[in-house]
Amino acid sequence: MAEPMSDADKIRNKRLAKLQQTQQPAQSEETSSSQPPAANTETPTLPQDGAATTAGPSPAPPSTSTPVPPPSSTTATSAPQVRITRSITPQKREMNGTQRSSSRQGDTPRQPETHEQWEDRTLRSIFRLTLDLSQKKDQNGHDLHPLPDLRAELESDGQDVRLHTELLDQALMEGGSNLGKLTPHDWLFASWKRVLRLGKSVKDRTPENKKWTVLTEARRLCFNYCMLSITTPDLFGEASYDGTKAFADHMLKDPEDDYGLCHDFLTEATSKWDEDDSIGPAFVAAVVELTKRLAFITMEGDYRPYIGIMRRLVMFKPIAHAITQADTFCDKSVPAALLEANTILGPFFALSPLQAQATSQYFAGPKTMDPGRIRNAQQALQMSLRTHQNELLDIVNPLIRASPEARGRVLDWFGLVVNANHKRTAMRVDKTTVSSDGFMINVNTCLDQLSEPFIDASFSKIDRPDINYFRRHPRVDIKEETKMNATQEDSDKFFGEQLSGENNFISEIFFLTVAAHHYGMEATRKTLDNMDRELKHMAKQIEQFEAERHKYVSNPAQLHLFENALKKYKDKHDQGMSYKYAVQGVLLDEVSQTRSMQFMRFVTVWLLRQISGGTFPQQKLSLPFPPQSDALKCLPEYFLDIISGNFGFIIYNLPTIVSPTQSDEMIMLCIAFLQASDFIKNPYLKGTLVSVLFRGTWAYRQGSPGALVNQYNSLPFALDNLLHVMMKFFIEAEFMGGHTQFFDKFNVRFEIFQVIKSIWPNPIYREKLLKEAKTNLDFFVRFVNLLLNDVTFVLDESFTAFHTIYDVTKELQTGGTTMSQEQRQEKEEALEAAKSKAKSYMSLTNETVGMLKRFTGALGDAFTMPEVVQRLADMLDYNLDAMVPPKSETLRVENLKDYNFNPRALLSEIVDVYLNLMDKPNFVLAVARDGRSYKPQNFAQAKRIMQHRSLKSPEEIAEWDKLIVKFAQAKEEDEAAEADLGDIPDEFLDPLMYTLMEDPVILPTSRTVIDRSTIRSHLLSDPNDPFNRVPLKIEDILPATEMKERIEQFKTERLGDRRRGFVETVETAPGAKKDLDAMDTST
C-alpha cells in the first residue's frame, strides 16, 4: 500500500499541475481531486431576514467599517450616502458569526453574517487576496493580490464567487504568482502572523466550532507554503531570491514583527518535523547562514538578534538536535584559527570585548585614561561579558539536553576546541595559528558553568570524575602534554591499554573544563604577562624614535615618511594598551573568578583524593601517602599548573573572594605534593606550588597578615609539615634543571624564605624543628650547607656590584672631558648593569642573611658540624671584613635605599649570627683558624660602629666583648698546637683541605684517602668522587683504619695530651652518631 502523501508533496504536485494546465476557465477534475478536503462543509442556518448569497463581487475587506449588503441589494440602492462609523478590526468582530449592532439611532440594522460570508471575508483578510479584479487595495491601504483565474473558474462553474478552505490551496498558488514586488516568503510569513492573531481570539477550539476549523486549515496551509517558499523558491514562478538567506532574514526579525519567527511558528515546525523531511534541512541551512554572517560582526555591532534567535531555536529539541548533526557543527578539519568562523557555535563564542573593535571603544585613548576611568570601563566590559556568557550557556545547555547524540556532538565540539589550541601554551605563540583569547575564555567560562551542577560543598560527587578517563576513548588529547611523573614512553604504554565502557558525562565535563582552563584562562593570563614586557619595550622604542626626529627636519619628504611610520607604531602601541586593559578587565571579573575558584577547589580536592588513595575528604589527610598509581603518574602536569596559576593570580589580585575552606585545601595540596616530591618529576612545577604559598604571605590590606598566614598558623596539617617541606624543597631547588636553573633556584628560595619568615614567630614550628633536628641531622646539615652557599654567593655578588658602582661613578666624575663619547657611554652602561645587579642581589642578601640568623639561633648544633662550621666561619669573617673600615668605604654609594641596602642592619644581623654561636667551641675554633679574613681589629671596628649607631644593647655589646676574647684565646692556643706539630707528613694531610686528617676514609673507585668531614662536605653539593667524577654515595666510603691509627700515633708523639683538643677539628653534635648515616632528604 502506498504511503499517504504529505502536505508538502500535495502542494508540489498541485504546482506541477498548475504549470501544465491551459487557460481554460475551469480546472480539470484530476486537479480538483488533488486539493485537500475541507475541514467542515456544513453550512450554518441563516437568520430569517438574511439575504441569499449569489455570485458577484466579493464583499469588502474586513477592515472596513461600512456594513456590506448582499449582492442582490446593491442594484436597488438610491443615491450614495456617506456614513462615518467606528472602525472595526477583524480581531474585534464577534466570532459567533454576527456583527455588533450599531448603537446609534437611525442606522440601518446590519444583516447577520453567514458562515460562508465570514469564511470568505476571513480568508481574504488573512492572505490579502481579492476576487474583485477592480479592487486594488483594502480600506487600510494594503495591496490586494487578485485571483482572476479562480474567479473565472467559479463563474464558469456557476459557483458563488467566494473563498473557502477547499479553494484556499488553489488561491494561494495563484495569489503567490501575482504579488508584484512583494516576495512570496514575506507575503506568507505576514499571513502567518495574521492567522495567529485571529486564532488567539477564539475561545472554543473544539472541532465542532466551524470557525476554528477554518482557521486551523488556513494556519496549516499557510505554514506549508511558508516552508515551500523557503525550500522551493521557484514555486510561484521564476525565483528572485535565495530561500536560505530569506529564511535567515526572517529569523533575525523580532518575533513580534510581522515577518519574524514566533514561538507558534517554531512549535508548528517541530510538530511536523517527522512528516516533512524538508523542514530540518531548511532550519539547519538558515542557522549556518546566520553563523556566516555573525562571523563578521563584533560585540560592538548588532549581534543581539543572532543570539536571540539561537536561544529560541535550541529550546525546541528537534531543532537543537538537527543543528548539532550538521557537518559544520564540529568539523575536525577546521584549524584552530578558523574555529570561530567555520563552526556553528564558533561565531557566538567569538563575541567578546577582547575583539579589537570593542577594546578600542572601551579604552579609546588609553594613554590619557586615569585609573578611575580605566576601572569604570572595565566594569562596563565585565557586565557586558557576563550577560553574553550567560546567553552562551542558554544556547549550549539546551543543545546538550536535546538528545544523547546532540550531547555527544556538543562535547565533541568542546574537545575539538581544546585539542586544536595546544599551541596557546607555547613560549611564543603565533596568534594566526590559534583561537583568540576572547573565544577561549568564553569556552572556559561556559564549561565552568556546566560544571556547577556537580560541585557542592559536601563533594558528594567527587568520585564521579574517573581518573581512568584517558583510557576510555577520551575527547581530550593529552598525548603531547608533559605528564606529572611519567615519560612519554611509559604514558604511551599505559594509555595504549584501553579500558571497556564509556566515560560518564561528569567525567567528560570535568576533564574538558580542566583542559579549557589550561588553554584558555591560564594561557591568557600568561599572554598578559608577556604583553606588559612588550608594551614597555615599545614605549622605549617610541622615546628613541622621538629623539631622532631632528635628523629629518631639514628634509620634508623624509620627515613625512618618519611621521607616518611613527604614527603607525604609536597606534599599534595604543591598541596594545587597550587590549591589555581589556584582558585585565576580563580576568579581574569577580563573578567569573569566583566560579573559577569553585571549580579549582573541586579539582584540588579531587587531586588530594587521588594522592591519598581515595580516602579524602571522607578521612583526614595523613602521611605517608600510598604509592603513586600509574593513572596519577600519567596525568598531565597542567592539572597542578592551572590550580597554582589560578590561585596565585586570585590571591594577588582578588584575595577577598577566597574562602577559608578553599585556602585550607589549597595549602594542603601544596604541602602534599611538595612532601611527596617524587610524585612530580618537574621541579619547576613544584616551584609553582611554592609560589602559591609565597603569595599567601602578601598583605592585601595595610597592617593585615597575608591572605594565607592565619591558616599557616592554625591548620593542623600545615603545623605538622609546612616548615619541613619548605626546607626540603630548598634543598631540591639546587638542581632545578634548565639553562636558567642557577637564577631560578634563588627566586624559589627567596619565596621559601618569605613563607618561613611568616611562620617563624609561631613557637609550635620551632619546637617541631628542634625535635626533628635531633633525629634527622643529615637533612639539616645539607640545608645548612646550601644556605651557606647562598649567603656566600649573594653577599659576594652584592658587594662586588657596589664596588663597581663606586669605582665607575668615581671615574665618570673625574673623567670630565677627557673621556670620548663612546667611552662615557660604555661606562654608563656598565654602571646601569651594576645598579641592576646590586638591587637584585641585595634583596636576596637581606632575606638569606635573615634566614641564617633565625636558623643559627634555633639550630646551632647543625651549623657547627665538621662539614660546615669552617665554611660558616670563613664566610662570616670575610663579610665582616667588608662591612667595616677601611673596605666599607667602597660600599658608600648614593641612594642606598634604591638598592634595598641598609649597611647598619646588615652588619647587625651578621653580628647576631656570631652571637648565636658564641657558646659553640667548634665555631670559636673555626673562626680562629680562618687564616684569610680573621682580623681582631675587624671585631673592634664592628663594636665601635654598633655603639656609635646604637645597633645593639649594652648587654649585647658585653657579649660581643666576651666573644672577642674567646677568639683571641682560641687563636693563641691553635697557633701553639700547630707549632708543636711541626712538619706534618703529606700522607696525613687531607688532599683537598691540606689539614691534618681526623677520620680518614678511602673512596671506593679512586682509592683516595681523604678526611670523612671533607668528603661529606663535598657530597653536600656534588654527588661525584672529586678525583674521578664517578657517582659516589657516603655509604660507599670505606674506613681507613690503618691510616687513622698512624695519625693518632703521630699526634701522641708530637703533642701528648696538652693541646689535643685544638688539633681535633670538631666533635660531633650532641645526640648525633659519630659515623653519620647517608643523607636522607625524603623525610
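Keep in mind it's a predicted model, so treat the numbers as computed, not measured.

Rules used throughout
- Going along each chain's sequence as written, the residues are numbered from 1 onward.
- The model is predicted, so local features are restricted to residues of pLDDT at least 70 and side-chain atom pairs to those at 80 or more, both for listing and for counting; the totals for chains, interfaces and linings are taken over all residues.
- By convention in this description, side-chain values take in all heavy atoms of the structure and omit both hydrogens and water.
- In DSSP terms, a helix is any run of H or I states spanning at least four residues, a strand is any run of E spanning at least two, and both are numbered starting from the N terminus.
- For the exposure calls, accessible area comes from a 1.4 Å probe over protein chains only, and a residue counts as buried if that area is under 20% of its type's maximum, exposed if over 50%, partly exposed in between.
- Here a residue-residue contact requires only that any non-hydrogen atoms of the pair lie within 4.5 Å.
- The protein chains shown are the only cover counted for residues, whose accessible areas, like all others here, come from Shrake-Rupley with a 1.4 Å probe.
- Here, patches come from residues exposed beyond 30% relative accessible area and free of salt bridges, joined within 9 Å for like charges and within 5 Å for nonpolar side chains (Val, Leu, Ile, Met, Phe, Trp, Tyr).
- A pairing counts as a salt bridge when a side-chain nitrogen of Lys or Arg comes within 4 Å of a carboxyl oxygen of Asp or Glu.
- Charge convention: Lys and Arg are scored as positive, Asp and Glu as negative, and His as well as the terminal groups of each chain are ignored.
- Taken as the charge centre is NZ of Lys, CZ of Arg, CG of Asp or CD of Glu, depending on the residue.
- Planes of paired rings set the category: under 30 degrees apart is stacked, over 60 is edge-to-face and the rest tilted, where pairs are Phe, Tyr or Trp rings (Trp by its six-membered ring) whose centres lie within 6.5 Å.
- As a reminder, the over-ring test applies to NZ of lysine and CZ of arginine, requiring each to be within 6 Å of the ring centre and within 35 degrees of the ring normal.
- A pair of strands is treated as paired once DSSP finds two or more bridges between them.
- Fitted lines through C-alpha atoms serve as axes, helices being fitted only where they are in contact, and the angles separating the N-to-C directions of these axes extend from 0 to 180 degrees.
- Counting of polar contacts relies on pairs of N or O atoms within 3.5 Å, with two restrictions inside protein: one atom must be capable of donating a hydrogen and the other of accepting it, and residues adjacent in sequence are counted only when both atoms are side-chain atoms.
- Grouping buried Ala, Val, Leu, Ile, Met, Phe, Trp, Tyr and Cys residues that are joined through side-chain atoms within 4.5 Å yields what is termed a nonpolar core.
- Convention used here: angles under 35 degrees read as roughly parallel, angles over 145 as roughly antiparallel, angles from 65 to 115 as roughly perpendicular, and any remaining angle as oblique.
- Throughout, a crossing is termed right-handed when the near helix is turned clockwise from the far one, and left-handed when it is turned anticlockwise from it by less than a right angle.
- Residue polarity follows a fixed list, in which Ala, Val, Leu, Ile, Met, Phe, Trp, Tyr, Cys and Pro are nonpolar, Asp, Glu, Lys and Arg are charged, and the others, Gly among them, are polar.
- Note on scores: pLDDT gives the predictor's confidence for each residue, bounded by 0 and 100.

Engineer: I tried to follow the overall build of the protein on my own but got confused; where do I start?
Structural biologist: Along its length, the protein carries 42 helices and 5 strands. Within the protein, the fraction of its 1083 residues that count as buried is 51%. Long-range pairs, those at least 24 residues apart, make up 75% of the contacts in the protein with a sequence separation of at least 6. Counting only carbon and sulfur atoms, one obtains 51% of the accessible surface of the protein, whose full area is about 50,700 Å².

Engineer: Teacher, can you tell me more about a negative patch on the surface here?
Structural biologist: A surface patch of negative charge is lined by Glu826, Glu828, Glu829 and Glu832. By the secondary structure assignment, glutamate 828 is in helix H33 (residues 821-858). Given a relative accessible area of 40%, glutamate 828 falls into the partly exposed group.

Engineer: It is not clear to me how the packing of aromatic side chains should be interpreted in this structure. Could you clarify?
Structural biologist: This model, assessed by the stated rule, comprises 57 aromatic pairs. Measuring from centroid to centroid gives 6.4 Å for tyrosine 362 and phenylalanine 363, while their planes differ by 45°, and the two rings are tilted. Phenylalanine 363 carries the same exposure label as tyrosine 362, and that label is buried. When the centroid spacing of 5.6 Å and the interplanar angle of 75° are considered together, the rings of phenylalanine 545 and tyrosine 569 count as edge-to-face. Of this pair, phenylalanine 545 sits in helix H21 (residues 521-547) while tyrosine 569 is found in helix H22 (residues 556-587), placing the two residues 24 residues apart along the sequence. A relative accessible area of 28% places phenylalanine 545 in the partly exposed class. Looking at tyrosine 569, the relative accessible area reads 21%, which means it is partly exposed. One residue, arginine 695, lies across the ring of tyrosine 652, its end atom 5.7 Å from the ring centre.

Engineer: Explanation requested: a nonpolar patch on the surface in the structure shown.
Structural biologist: A contiguous nonpolar patch, built from Leu992, Met993 and Phe1027 and spanning about 270 Å² of accessible area, is present on the exposed surface. Mapped onto the secondary structure, phenylalanine 1027 falls in the loop between helix H40 (1012-1019) and strand S5 (1038-1039). Note on phenylalanine 1027: relative accessible area 35%, which makes it partly exposed.

Engineer: Can you walk me through the sheet that holds S5 in this structure?
Structural biologist: Sheet strands associate in pairs through backbone hydrogen bonding, adopting either a parallel or an antiparallel arrangement. If you trace the 3 strands from one edge of the open sheet to the other, you get S4-S3-S5, paired in antiparallel fashion. Among the strands making up the open sheet, the edge pair consists of strand S4 (1009-1011) and S5. Bridging between strand S3 (residues 1000-1002) and S4 involves 3 bridges; their strand directions are antiparallel. If you follow valine 1001 over to S4, its bridge partner there is isoleucine 1010. Its contacts with the sheet put H40 on S3 and S4, and the angle it makes with S4 is roughly 80°.

Engineer: How do you make sense of the pattern of salt bridges when you look at a structure like this?
Structural biologist: Opposite charge on two side chains allows them to pair when their charged atoms are near. Enumeration over the complete set of coordinates arrives at 60 salt bridges. In this structure, the salt-bridge partner of aspartate 249 is arginine 293, at a minimum N-O distance of 2.8 Å. Taken together, the positions of aspartate 249 in helix H8 (residues 243-252) and arginine 293 in helix H10 (residues 279-294) put the pair 44 residues apart, joining distant regions of the chain. A salt bridge links aspartate 778 to arginine 1016; the shortest N-O distance between them is 2.8 Å. Within this pair, whereas aspartate 778 is found in helix H32 (residues 777-815), its partner arginine 1016 is found in helix H40, the two being separated by 238 residues in sequence. Residue aspartate 778 shares its accessibility class with arginine 1016, and that shared class is buried. A single network of salt bridges, built from pairs that share partners, joins Arg304, Arg311, Glu391 and Asp394.

Engineer: Any chance you could explain unusual backbone geometry here in plain terms?
Structural biologist: Across the chain, the bulk of peptide bonds are trans and the bulk of non-glycine residues have phi less than zero. Backbone torsion omega between phenylalanine 616 and proline 617 reads 5°, so that peptide bond is classified as cis. The topology assignment puts proline 617 in the loop between helix H23 (590-611) and helix H24 (630-633). In the segment running from leucine 623 into proline 624, the intervening peptide bond is cis, with an omega of -5°. Mapped onto the fold, proline 624 is located in the loop between H23 and H24. You will see that arginine 128, though not glycine, has its phi angle at about 55°, which is positive. Relative to the helices and strands, arginine 128 is located in the loop between helix H3 (115-127) and strand S1 (129-130). Here serine 950, not a glycine, exhibits a phi torsion of approximately 55°, which is positive. Mapping serine 950 onto the fold places it in the loop between helix H38 (936-948) and helix H39 (954-981). Take serine 950: its relative accessible area is 62%, and that puts it in the exposed class.

Engineer: Got a minute to help me understand the environment of glutamine 941 in this structure?
Structural biologist: You can see glutamine 941 is positioned in helix H38. Spatially, the C-alpha atom of glutamine 941 lies 9.5 Å from that of aspartate 881, the residues being 60 residues apart in sequence. In this structure, glutamine 941 is in contact with Val884 and Pro885, ignoring residues within four places of it in sequence. A polar contact of 2.8 Å, which involves the side chain of glutamine 941, links it to the side chain of arginine 944.

Engineer: What should I look at first to understand the nonpolar core in this one?
Structural biologist: Note on soluble globular proteins: their nonpolar side chains tend to be buried together. Membership of the largest hydrophobic core comes to 292 residues, with the highest contact counts inside it found for Phe247, Phe265, Phe283, Phe639, Leu722 and Tyr914. For this core, the leading source of residues is H32, giving 17 residues. Apart from residues lying up to four places away in sequence, tyrosine 914 is in contact with Leu876, Asp877, Leu880, Phe923, Val927, Phe939, Trp960, Leu963 and Phe967. Formed by 10 residues, the second largest nonpolar core is a distinct cluster that contains Leu996, Met997, Met1043 and Leu1055.

Engineer: Would you take a moment to explain the packing of helix H18 (residues 437-451) against helix H20 (residues 505-519) for this structure?
Structural biologist: Between two packed helices, what matters for the description is the angle formed by their axes and the separation of those axes. One way to put it is that H18 packs onto H20 with a least axis distance of 9 Å and a crossing angle of 150°. Here H18 is positioned roughly antiparallel relative to H20, judged by the angle of their axes. Between H18 and H20 the crossing geometry is left-handed. Contacts between H18 and H20 involve Met440, Asn444, Leu447, Asp448, Leu450 and Ser451 from the former and Ile509, Leu512, Thr513, Ala516, His517 and Tyr519 from the latter. In terms of residue class, the contact of H18 with H20 is made up of 7 nonpolar, 4 polar and 1 charged.

Engineer: Explain the environment of histidine 1018 to me, please; I cannot follow it from the model alone.
Structural biologist: The residue histidine 1018 is located in helix H40 in this model. Excluding residues within four positions of it along the chain, histidine 1018 makes contact with Asn1024, Pro1026 and Arg1029.

Engineer: I keep staring at the side chain of glutamine 355 and nothing clicks. Help me out?
Structural biologist: Inspection of the secondary structure puts glutamine 355 in the loop between helix H14 (346-350) and helix H15 (356-362). Here the side chain of glutamine 355 touches methionine 299 through a polar contact of 3.0 Å, landing on its backbone nitrogen. At 3.3 Å, the side chain of glutamine 355 and the backbone oxygen of alanine 350 are in polar contact. Setting aside chain neighbours within four positions, we find glutamine 355 in contact with Ile297, Thr298, Met299 and Ala350.

Engineer: What's the story with the confidence of the model for the protein in this structure? I'm lost.
Structural biologist: Interpretation of the predicted coordinates at a detailed level should be avoided for regions scoring low in pLDDT. Taken over all residues, the pLDDT of the protein has a mean of 86, while the share at 70 or more is 87%. Confidence scores differ between elements of the protein, with helix H2 (residues 29-33) showing the lowest mean pLDDT of 36 and H20 the highest of 98. For residues 18-105, every residue scores under 50 in pLDDT, and the model assigns this stretch 124 contacts once sequence neighbours within four places are set aside. With pLDDT under 50 throughout, residues 1065-1083 is counted as low confidence; its partners more than four residues away or in other chains account for 48 contacts.

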